[in-house]
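Given next are the chains, with one letter for each unit.
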Amino acid sequence: MKRNSWQEYQKEIADDDYYYVRSCIRQNFFPGSEKAFLDILRNDVGKNIIEEPMHTSCTGIGYHSDIVPMETIMTVVARQFALMTEAGFENFTSSCITSFGIYTEMLETWHEFPETEERTREYLYKATGREFNKPKNLAHTSDVMFKHRGAIAAKMKHPLVNVFTGRPLRVVEHIGCHYAKIFPKKGVGGSEFPYVLAGMIESWGGEVVDYPERRHCCGFGFRNYLVQANRGFSVANSHKKLESMKPYKPDFIVTNCPGCSMFLDKWQYTIAEMEGDTYGQDGRGIPVLTYEEMAGLVLGYDPWALGMQMHQVDVEPLLDKMGIAYDPAAKYLGPNGKFIGQPDPAAVNMNCTPTPILRTL
Amino acid sequence: MTKKVIIIGGGPAGMQTAASLLDLGIKPVIIEKSDRIGGKLNDWHQLFPTFTPAHEVLAKLKGSMKDARVITGTAVESIGKDGVSLSDGSTMEADAVVVASGFNLFRAELKEELGYTIYDNVYTTVDIEHMLNDGKVAMKDGRTPQRIAFLHCVGSRDEKVNQRHCSKVCCVTGVKQAMELKAMFPQSEVYNFYMDIRMFGPGYEEMYRRAQEEFNIHFVRGRISEASETIDRRVQIKAEDTLIGRPLKMTVDMLILIVGMTAGESNRRFAETKGVELQPSGFVAPADSFTLNTCSGVPNIFYAGTVTAPKNLGESINEGVAAAQQVARYLNRR
Amino acid sequence: MDFGFSINRPRAVDLDKNDLSVSRKALMEMPEWQACIGCGGCTATCTAGNLTQFNFRKVHTLVRRGDYQGAYEEMNKCMLCGKCRLVCPRGINTRGVVMMIKRLLSEY
């Protein structure tokens, strides 16, 4: 991208000693990503990061769906901070974009309305006997990876380069709305031209694609997919983005939000089944990666250990382009070697018309 | 004893102040920070609403103040009641000071979502004036534009960039340039996206109507919220056509941002002097906005032109006359 | 496959895709039409618009944007009483606009 004023929008990101909290949904849809993050931070970058089983959902999905009241979510957030405090940490990092938005929102609310913080401390103490310090540094995990992108680049095994052509891979980056649209100054590069993913892509040899609908929301939007009748609106947003990026022939999409990864991936299946439209090279879909998966591939992690068999759009064409060796027979074997089941073939991966016929075969 | 008057700024207001002081038998000194007088008038091509070449007006102003002393390449750092201190470290004494330091143009790149300096075919009205002066208006790659969009109120009436005021002259500038480009490219489609059209001056409304009826320029009431580049380096824009209540989307060859006036960068510095006050917009506040528009809170400091508010050229020049009168009155009373 | 929902179509007026031919032809025929500033005086005084959903200002603006769907039928609601022409501050022959749109769209 031609813009370099992202440097004016810097946020402080702690360098070491992180207290880590997970996302509710990523472990289902991109199950290897969070483990990969911890492994990369600890083993490849050499940082201290702690994860504890005591932490819970931030309840953001309930909050954004109007079923969890603000006092409740504030107290849940306070409890997470209490766990961090008890563990002796000051830097809080969250794997989920919505959680990151929630933590930021609650801290800002406490800052603007100190009486809400007082009340929250009281609720938390009454309910659990716990007390908390506010984090000294709050970052999304993509911020943390952005911070260490140079260290990862130094250990790179498979740069984001097409081994057949020698050209940089063309990458669409997509930032979750709750990363920088709520509090633009809390995102690397602000909200219009965020640099958090673009920085990783460029450091690791790829080329960022700027297409007209780059800033458009993926359509996830909580209530817009929770209610079936609203899903036509949700999918229309992804559809708009996919149509807009099509002429640029992107090799893959990378996102930093659980919802965006999930919907940009899975809606490709839906669109193919509904309308017969497929995207990507040879009409076999555009793979959608999390930034941990992208980093994992770059560092030479096994794609199946990264959980990439769980994607709706097959990642094999991308692995081939990056020159990554993989065992096709191992794709649907779990870590213990047991068969984990295999999805039916789908139009999205086959450049063909919708699949009802295939299903009956 | 001859009285010494310093005029800060050699733009139209400062030039007219000098000319009027000369008429009154007072020899002023103009201190101009750039290397030539004329201010931003040097950059303009034709003036609304008459399409008078800017250089003609500039030549008249220059002719009427040619006996004034002009110091260029020197900025005024601060103003005191006995004179001013200059960027070269020296001080200059004066019996009266006229602040005619003008305005700054809004930096369109601050509206990041519009892509100025990022995308090839996003321009400002100032770029267009330069192109018109150079005699060649074209897309970045030299092609002739088929579809042109103007966006009004860039850096005006927008609290997101801390510019709540109306810059007043941008509406008519945008319409003027739309007409110039349409005349240059009769086959092209020209759109103006606006929040309100404020045609405050004589002949402006009539010009706007000619733009609609005779020049076939389309006016869409709605603000462009976002511009992005397409694969062929054109610009996709999104707005609402508020008069039909639906979003509107289109791709244009050139997007031209009609940039507003922001308070002069030196205003803050000058306001360190007691009696020189700033308005919330950053423009300096006249002593009274009805009867003392060219006076400050200090008896021997005066204002002329856009240092106090966005104004058109005629108004700025008139303030030069008015400020000179106030200066003469002050000097005679002493 | 039936998912119980379909992909919503964009609501935006798309000036890249709309066919502006009728709009262009009409503007050539009657340049004064473009002098409309959207004040809504016509709609405020409109006899039909006070009793039905008819909104002359909105419908003719849609036609200018190349969005002709339903415009002919809408214009049929006009009773040609001419009050709009009396109030138009820009002196547009609004009745003429109604008739022109109907004629051009009936050929479209």
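Residues numbered from 1 in each chain as written. Chains lettered and ligands numbered in written order. Predicted model: local features only at pLDDT ≥ 70, side-chain atom pairs only at ≥ 80, totals over all residues. Heavy atoms only, no water.

Draft legend 1. Expanded view of the overall build of chain C. Check the secondary structure of chain C and you find six helices and one strand. If you list the helices and strands of chain C from N to C, you get β-α-α-α-α-α-α. Counting only C-alpha atoms and orienting by the principal axes, one finds that chain C spans roughly 55 × 30 × 25 Å. Out of the 108 residues in chain C, the part that is buried amounts to 50%. At a minimum sequence separation of 6, the contacts of chain C that also span at least 24 residues come to 69%. Within the structure as shown, chain C displays about 5,600 Å² of accessible surface, and the carbon and sulfur contribution to it stands at 53%. When the 16 basic and 10 acidic side-chain charges of chain C are each reduced to a single mean position, those positions are 9 Å apart. (Helix = DSSP H or I, 4+ residues; strand = E, 2+ residues; numbered from the N terminus. Buried < 20%, exposed > 50% of the residue type's maximum accessible area, 1.4 Å probe, protein only. Contact = heavy atoms within 4.5 Å. Areas by Shrake-Rupley, 256 points an atom, 1.4 Å probe, with all protein chains shown as cover. Lys, Arg positive; Asp, Glu negative; His and termini not counted. Charge placed at Lys NZ, Arg CZ, Asp CG, Glu CD.)

Draft legend 2. How the structure looks around helix H1 (residues 12-23) of chain B. Residues and elements named next belong to chain B. Look at H1: 16 Å from first C-alpha to last across 12 residues, which is about the 16 Å you get at 1.5 Å a residue. With 10 of its 12 residues buried, H1 lies for the most part within the structure. Burial in H1 covers these residues: Pro12, Ala13, Gly14, Met15, Gln16, Thr17, Ala18, Ala19, Ser20 and Leu21. After H1 finishes, the residue glycine 25 shows a positive phi value of roughly 85 degrees. (Expected span 1.5 Å × (residues − 1).)

Draft legend 3. Seen up close, the sheet that holds strand S7 (residues 252-255) of chain A. Residue and element names in this part refer to chain A. Pairing is parallel in the open sheet, where four strands are placed in the order S6-S5-S7-S8. Lying at the two open borders of the sheet, with one neighbouring strand each, are strand S6 (207-208) and strand S8 (288-290). Of the pairings in the sheet, the one linking S7 to S8 comprises three bridges and is parallel in character. Its bridge partner lying in S8, threonine 255 is registered against threonine 290. Strands S7 and S8 of the sheet are contacted by helix H14 (residues 291-298), whose axis makes an angle of about 85 degrees with S8. (Pairing = 2+ DSSP bridges. Axes fitted to C-alpha atoms, helices over the stretch in contact; angles between N-to-C directions.)

Draft legend 4. View of the confidence of the model for chain C. Mean pLDDT for chain C: 95, with 100% of residues reaching 70 or above. Both scores are given for the predicted complex: the pTM is 0.94, the ipTM 0.94. (pLDDT = per-residue confidence, 0-100.)

Draft legend 5. Summary view of the interface of chain C and chain B. Contact with chain C, which involves 25 residues of that partner, is made by 23 residues of chain B. The residue glutamate 189 of chain B makes a salt bridge to arginine 24 of chain C at a minimum N-O spacing of 2.4 Å. Residue assignment for the side of chain C that touches chain B shows that the elements contributing at least two residues are strand S1 (13-14), helix H1 (21-29) and helix H3 (56-64) of chain C. One ladder, built from two bridges, connects strand S17 (residues 246-252) of chain B with S1 of chain C; its direction is parallel. Opposite lysine 249 of chain B, over in S1 of chain C, you have aspartate 14 of chain C as the bridge partner. (Salt bridge = Lys/Arg side-chain N within 4 Å of Asp/Glu carboxyl O.)

Draft legend 6. Region of the structure containing the sheet that holds strand S8 (residues 91-93) of chain B. All names here are of chain B. Here three strands make up an open sheet; going across it, the order is S6-S7-S8 and the pairing antiparallel. Of all the strands in the sheet, the pair left with one neighbour each is strand S6 (76-80) and S8. The average angle at which neighbouring strand axes cross in this sheet is 20 degrees, direction not considered. Inspection of the sheet shows strand S7 (residues 83-86) paired to S8 by three bridges, in the antiparallel sense. Across the sheet, glycine 83 pairs through a bridge with glutamate 93, a residue of S8.

Draft legend 7. Geometry of empty space enclosed by the protein. All names here are of chain A. Tallied over the entire structure, the rule returns seven cavities of 30 Å³ or more. Within this model, the largest cavity holds a volume of roughly 170 Å³. Considering the residues around the largest cavity, the lining is formed by 21 residues, among which Cys24, Ile61, Cys96, Thr98 and Ser99 are closest to the centre. Looking at the lining of the largest cavity, the elements with two or more residues in it are helix H3 (60-64), helix H5 (97-112) and helix H13 (258-275). Counting residues per element, the lining of the largest cavity draws most heavily on H5, which supplies three residues. Of the residues that constitute the lining of the largest cavity, the class distribution is 11 nonpolar, nine polar and one charged. (1 Å grid on protein atoms, 1.4 Å probe; cavity = no way out; pocket = protein on both sides within 12 Å on 5 of 7 lines; lining within 4 Å. Points joined across faces, edges and corners; volume = space filled by probe spheres on them. Nonpolar A, V, L, I, M, F, W, Y, C, P; charged D, E, K, R; others polar.)

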